[in-house]
Amino acid sequence: MAGGPVFPAKGGKEYPGNLTLYVLATCVVAAMGGLIFGYDIGISGGVTSMPMFLSRFFPEVYKKETEDKSTNQYCKFDSVTLTLFTSSLYLAALVSSLVASSVTRKFGRKLSMFFGGTLFCAGALINAFAKNVAMLIIGRILLGFGIGFANQSVPLYLSEMAPYRYRGALNIGFQLSITFGILVANILNYFFANIHNWGWRLSLGGAMVPAIIISIGALILPDTPNSLIERGKHEEALTKLRRVRGVEDVEEEFKDLVHASDTSKLVEHPWRNLLERKYRPHLTIAIAIPFFQQLTGINVIMFYAPVLFKTIGFKDNASLMSAVITGVVNVVATCVSIYGVDKWGRRFLFLEGGAQMFICQVAVALCIGLKFGVSGNVQFLPQWYAIVVVLFICIYVAAFAWSWGPLGWLVPSEIFPLEIRSAAQSITVSVNMFFTFIIAQIFLSMLCHLKFGLFLFFGFFVLIMSGFVFFFLPETKGIPIEEMSTVWKSHWFWGRYIPDDEQPRGAGALEMGRN
């Protein structure tokens, strides 16, 4: 089988059910959890490019930008303290996502979402009234705790609530909320930047709005049938499953969910069980997908879009407007993924997006390299040239938004069996947050040292991760979440790790029912 990947044939179990208005409404509300993550990604880059914010908290950066014209364009914003302001959030999110695993497993997805919203709201409030850098970083840490809880629970909630035929589209609602949050943050930054002295406070304090939305949403949302079964509420789970699916005939799916739950209860230490041989494919994907997602370089664009555009020669308002443009592209392209993920499949979007991102990263590196060279002494780009750079960046953002952006959250959330689902999702979030922290912390220094070669650095990893997807990521389109073991068993490489007696949840449940 060394000649290449073999993909599982379509088929397997089909559960009755419809995409009801009830499910659609609950998934839309739950997906709002992505707003807090997106708003933070968008707001931090804009705020760190505002002169009044820099002069108050990071005077050495402000001085380099406004007074020291000899500073290399690539190195204007190189400051460990400035990047710590952005990146401290993601280290906090890493820690809280591990705690969130136990909360999600024992008390349900809703409580984790509620904790996420309230912690994020507290962080936004502290940042809005910050008097010094210490207050800023304390606020950022609370924001990170909130994001860790929300990112751990929301994708699980969406994958469990959605009918399997629509799981991809509904789960990507989380990514759509992230992109919408980024867009709103960029627009607010553009207008608040013109408010002298305290515009940055409005930008940072505005994070309370999406935090309140997800907190209230978590209180009114129903529990998923999976979570109710996991906590022993079988009658309530059966009633909820009928309402969720919009049909009475849900006994077969219910039996499979109960069997999956019974199996999960036999697992006393889900973290330890993740290391078992039969979970090696799951653990690899839980680590590789978020790792590669961050090494696409997207957060370089989204965190620091205004800073980046300013660095390559845009003026203050022009850099903020360019960030707004990329935000609009991000939202529109994510809608393409919602339309196509259950139609074209996960692998196609991953591979097409990777090819498009690679081409654009090479093009941006050439454009910036030809104009700035290594010295970086050019102060501003000609208008037509700047438009070309923004165009390539927008095409790159579009590729990410319909591939690695949403699928980086969707695929890990749908491939884990219930017995390790919460723990494995925490691994996914933790890896994502860890490498987001690393990239955020070292990006400005990397830009200073690698210069335009930074885009080639990320382009190289896009090639690597596209190869990984081609050979090692099976297609999960149209597979019920509790039937996912068939995907691994029939894969050309991962099949060797799945025991021969391992069978789909449904098959086991039905066999038990007959006996």
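Basis of the calculations
- Counting restarts for each chain, with residues numbered from 1 along the sequence as it is written.
- In view of the model being predicted, local features appear only for residues whose pLDDT reaches at least 70, and side-chain atom pairs are presented and counted only at 80 or more, with totals across whole chains, interfaces and linings using the full set of residues.
- To get the side-chain values, take all heavy atoms of the structure and skip hydrogens and water.
- UniProt positions are given in the numbering used here, feature names are shortened, and annotations may be inferred rather than shown by experiment.
- To qualify as a helix, a DSSP run of H or I must reach at least 4 residues; to qualify as a strand, a run of E must reach at least 2; elements of each kind are numbered from the N terminus.
- Only protein chains enter the area calculation, which uses a 1.4 Å probe; residues under 20% of their type maximum are buried, those over 50% are exposed, and those in between are partly exposed.
- Here, residues are in contact when the closest pair of their heavy atoms is within 4.5 Å.
- Residue exposure ignores everything except the shown protein chains as possible cover, and the areas themselves are Shrake-Rupley values with a 1.4 Å probe.
- Angles run from 0 to 180 degrees between N-to-C directions of axes, and those axes are lines fitted to C-alpha atoms, restricted for helices to the stretch in contact.
- What makes a crossing left-handed is the near helix being turned counterclockwise from the far one by less than a right angle; a clockwise turn instead makes it right-handed.
- In the scheme used here, Gly and all other residues not listed as nonpolar or charged are polar, with Ala, Val, Leu, Ile, Met, Phe, Trp, Tyr, Cys and Pro taken as nonpolar and Asp, Glu, Lys and Arg as charged.
- For a helix, the expected span equals 1.5 Å multiplied by the number of residues minus one.
- Two aromatic rings, drawn from Phe, Tyr or Trp (for Trp, its six-membered ring), form a pair once their centres lie within 6.5 Å of each other, and the interplanar angle then sorts them: stacked below 30 degrees, edge-to-face above 60, tilted otherwise.
- Two thresholds decide whether a charge sits over a ring: the Lys NZ or Arg CZ must be within 6 Å of the ring centre and within 35 degrees of the ring normal.
- pLDDT measures the predictor's confidence residue by residue and takes values from 0 up to 100.
- Should a side-chain nitrogen of Lys or Arg be within 4 Å of a carboxyl oxygen of Asp or Glu, the pair is scored as a salt bridge.
- Here the word oblique covers every angle except those under 35 degrees (roughly parallel), over 145 (roughly antiparallel) and from 65 to 115 (roughly perpendicular).
- Note on terminology: a nonpolar core comprises buried Ala, Val, Leu, Ile, Met, Phe, Trp, Tyr and Cys residues joined through side-chain atoms within 4.5 Å.

An unreviewed UniProt entry lists the chain under the name Major facilitator superfamily (MFS) profile domain-containing protein, from Saponaria officinalis. One UniProt comment on the chain, placed under Sequence similarities (unreviewed entry), says "Belongs to the major facilitator superfamily. Sugar transporter (TC 2.A.1.1) family." What UniProt states about the chain under its Subcellular location (unreviewed entry) heading is, verbatim, "Membrane".

Bringing the overall build of the chain into the picture now. Across its full length, the chain carries 24 helices and zero strands. The buried share among the 515 residues of the chain stands at 62%. Nonlocal contacts in the chain, meaning residues at least 24 apart in sequence, comprise 82% of its contacts between residues at least 6 apart. Here the chain displays about 18,800 Å² of accessible surface, and carbon together with sulfur accounts for 69% of that area.

The next thing to look at is the packing of helix α1 (residues 21-31) against helix α8 (residues 167-192). Helix packing for two helices is described by the angle between their axes and how far apart those axes are. Between α1 and α8, whose axes approach to 8 Å, the crossing angle comes to 35°. Once α1 is placed against α8, the crossing between them reads as right-handed. When α1 is examined against α8, the residues Val23, Leu24, Cys27 and Ala31 are found in contact with a partner set consisting of Leu170, Gly173, Phe174 and Ser177. Of the residues assigned to the contact of α1 with α8, the class counts are six nonpolar, two polar and no charged.

Before going further, it helps to spend a moment on helix α22 (residues 453-472). Each full turn of the α-helix corresponds to 3.6 residues, which orients residues three or four apart in the same direction. Compared with an ideal rise of 1.5 Å per residue, which puts 20 residues at 28 Å, α22 spans 29 Å between its outermost C-alpha atoms and is within 8% of the ideal. Within the span of α22, buried status applies to Gly453, Leu454, Phe455, Phe458, Gly459, Phe461, Val462, Met465, Ser466, Phe468 and Val469.

The next subject is the environment of Ile195. As for its position among the elements, Ile195 is in the loop between α8 and α9 (199-205). For the pair Ile195 and Met52, spaced 143 residues apart in sequence, the C-alpha to C-alpha distance is 9.6 Å.

A few words now on the packing of aromatic side chains. A full pass over the atoms with the stated rule returns 32 aromatic pairs. Ring centres of Phe53 and Phe85 lie 5.4 Å apart, and the angle between their planes is 50°; this geometry places the pair in the tilted category. Here Phe85 lies in helix α5 (residues 80-107) and Phe53 lies in helix α3 (residues 51-57), a separation of 32 residues in the sequence. A relative accessible area of 0% places Phe85 in the buried class. Relative to Phe292, the ring of Phe291 lies with its centre 5.2 Å away and its plane at 55°, an arrangement referred to as tilted. A relative accessible area of 21% means that Phe291 is categorised as partly exposed. Taking the ring centre of Phe85 as reference, the NZ or CZ of Arg140 above it sits at 4.9 Å.

This brings us to the confidence of the model for the chain. Chain-level statistics for the chain give a pLDDT mean of 82 and a share of 86% at 70 or above. In the model, residues 1-11 has pLDDT below 50 throughout and makes 16 contacts with residues more than four positions away in sequence or in other chains. Within the model, the stretch residues 505-515 combines pLDDT values under 50 with 21 contacts to residues more than four positions away or in other chains.

Its location among the elements puts Gly117 in helix α6 (residues 109-128). You can call Gly117 buried: its relative accessible area is 0%. For the pair Gly117 and Met208, spaced 91 residues apart in the sequence, the C-alpha separation amounts to 8.7 Å. Discounting residues that sit within four places of it in the chain, Gly117 has contacts with Ala211, Ile214 and Ser215.

A few words now on the pattern of salt bridges. Counted by the stated rule, this structure contains ten salt bridges. A salt bridge links Arg109 to Glu230; its shortest N-O distance comes to 3.1 Å. In this pair, Arg109 sits in helix α6 while Glu230 sits in helix α11 (residues 225-230), placing the two residues 121 residues apart along the sequence. Residue classification places Arg109 among the buried residues on the basis of a relative accessible area of 1%. Among the ionic pairs, Arg231 bridges to Asp223, the shortest N-O distance being 2.9 Å. Residue classification places Asp223 among the buried positions, given a relative accessible area of 15%. One salt-bridge network, in which partners are shared between bridges, spans Arg167, Asp342, Arg346 and Glu414.

Axis separation between helix α7 (residues 133-161) and helix α20 (residues 404-415) bottoms out at 9 Å; the angle between their running directions is 70°. On the basis of the axis angle, α7 is roughly perpendicular to α20. The way α7 lies across α20 gives a crossing that is right-handed. In this structure, α7 contributes Asn151, Pro155, Leu156 and Ser159 to the contact, and α20 contributes Trp409, Ser413 and Glu414. Taken together, the residues of the contact of α7 with α20 sort by class into three nonpolar, three polar and one charged.

Following the sequence through the fold, His282 ends up in helix α15 (residues 280-294). Leave out the neighbours within four places in its chain, and His282 touches Ile415, Phe416, Pro417, Ile420 and Trp488.

A general feature of soluble globular proteins is that nonpolar side chains tend to end up buried together. Core analysis: the largest hydrophobic core is formed by 63 residues, its most contacted members being Phe37, Phe53, Phe58, Met113, Ile147, Leu204 and Met433. With residues up to four places along the chain from it excluded, the contact list for Phe37 reads Tyr90, Ile147, Asn151, Ile178, Trp409 and Met433. Judged by nonpolar contacts, the second largest core, of 60 residues, contains Tyr396, Phe400, Trp404 and Ile427.

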